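Residue-level listing of the chains:
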Amino acid sequence: MAESHLQSSLITASQFFEIWLHFDADGSGYLEGKELQNLIQELQQARKKAGLELSPEMKTFVDQYGQRDDGKIGIVELAHVLPTEENFLLLFRCQQLKSCEEFMKTWRKYDTDHSGFIETEELKLKLFDSNNDGKLELTEMARLLPVQENFLLKFQGVKMCGKEFNKAFELYDQDGNGYIDENELDALLKDLCEKNKQDLDINNIPTYKKSIMALSDGGKLYRTDLALILSAGDN
């Protein structure tokens, strides 16, 4: 199925979705390692079989990732490589955000009740609703960000269980007012970077802080807001 789609001169939204699901074998929302190499190999074979040349975008993609074991792309990047219908590509052009800070501000705009979810019935966003629960989580919507801009990826390895997160929140909420301000977040991030040097770069704290504080309500970062970044769940 994916091979026949890759042979098409124009890929529809549903075909793109099938291609993505075929290669994103672990359901991570990204193509990396063997997944990415399988895509490159099958893309080249499919285009050759169909008698089609690789487009300039495809050639650039193959040259950039074909010989790399550490490559990683998201849905946005792939949508700009494959010959996708213009109306589908327009979705990404319109919604692709320039920075994590801008993304966080957009999230705060729509998650008005601080529930940590955005409920949607729009078909076009089902592509991002990876667990098919009819709600979009921050990490699901973050697929609109190019991989290099998605700082949430860096926090995947440092997320805490629910109990651990609650203890950390209470520890850094030094005045006990129920929210964390910018100075308290700065202290939390410094400790996280020291403990997780393989994932977080202490030199990037200003960037992390600016993006996370974009989730705040007038400079007040509540428990549910910070949980979007640092909590792995209720266990």
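As a reminder, the structure under discussion sits directly above these lines.
Our subject in this report is the structure included herewith. (Residues numbered from 1 in each chain as written. Predicted model: local features only at pLDDT ≥ 70, side-chain atom pairs only at ≥ 80, totals over all residues. Heavy atoms only, no water.)

Let's talk about the overall build of the protein
Then comes step 1: Along its length, the protein carries 13 helices and six strands.
Then comes step 2: By the burial criterion, 46% of the 235 residues in the protein qualify as buried.
Then comes step 3: Taking all contacts inside the protein whose residues are at least 6 apart in sequence as the whole, residues at least 24 apart take part in 61%.
Then comes step 4: Only carbon and sulfur atoms are counted for the fraction: they give 47% of the accessible area of the protein, which is about 12,700 Å². (Helix = DSSP H or I, 4+ residues; strand = E, 2+ residues; numbered from the N terminus. Buried < 20%, exposed > 50% of the residue type's maximum accessible area, 1.4 Å probe, protein only. Contact = heavy atoms within 4.5 Å. Areas by Shrake-Rupley, 256 points an atom, 1.4 Å probe, with all protein chains shown as cover.)

What about the packing of helix 3 (residues 34–49) against helix 4 (residues 56–65)?
Then comes step 1: Between helix 3 and helix 4, the least distance of the axes is 11 Å, while the angle of their chain directions is 140°. When the axes of helix 3 and helix 4 are compared, the pair comes out oblique. Relative to helix 4, the crossing made by helix 3 is left-handed. Together, Leu 36, Gln 37, Leu 39, Ile 40, Leu 43, Gln 44 and Arg 47 of helix 3 and Met 58, Phe 61, Val 62 and Tyr 65 of helix 4 make up the contact between the two elements.
Then comes step 2: Split by residue class, the contact of helix 3 with helix 4 holds eight nonpolar, two polar and one charged. (Axes fitted to C-alpha atoms, helices over the stretch in contact; angles between N-to-C directions. Parallel < 35°, antiparallel > 145°, perpendicular 65-115°, else oblique. Left-handed = near helix turned anticlockwise from the far one by under 90°. Nonpolar A, V, L, I, M, F, W, Y, C, P; charged D, E, K, R; others polar.)

Comments concerning the pattern of salt bridges
Then comes step 1: Tallied over the entire structure, the rule returns six salt bridges.
Then comes step 2: The partner of Lys 72 in a salt bridge is Glu 32, with the nearest N and O atoms 4.0 Å apart. One end of the pair, Lys 72, is in strand 2 (residues 72–73); the other, Glu 32, is in strand 1 (residues 31–32), and 40 residues separate them in sequence.
Then comes step 3: Since its relative accessible area comes to 26%, Lys 72 is described here as partly exposed.
Then comes step 4: Given a relative accessible area of 32%, Glu 32 falls into the partly exposed group. (Salt bridge = Lys/Arg side-chain N within 4 Å of Asp/Glu carboxyl O.)

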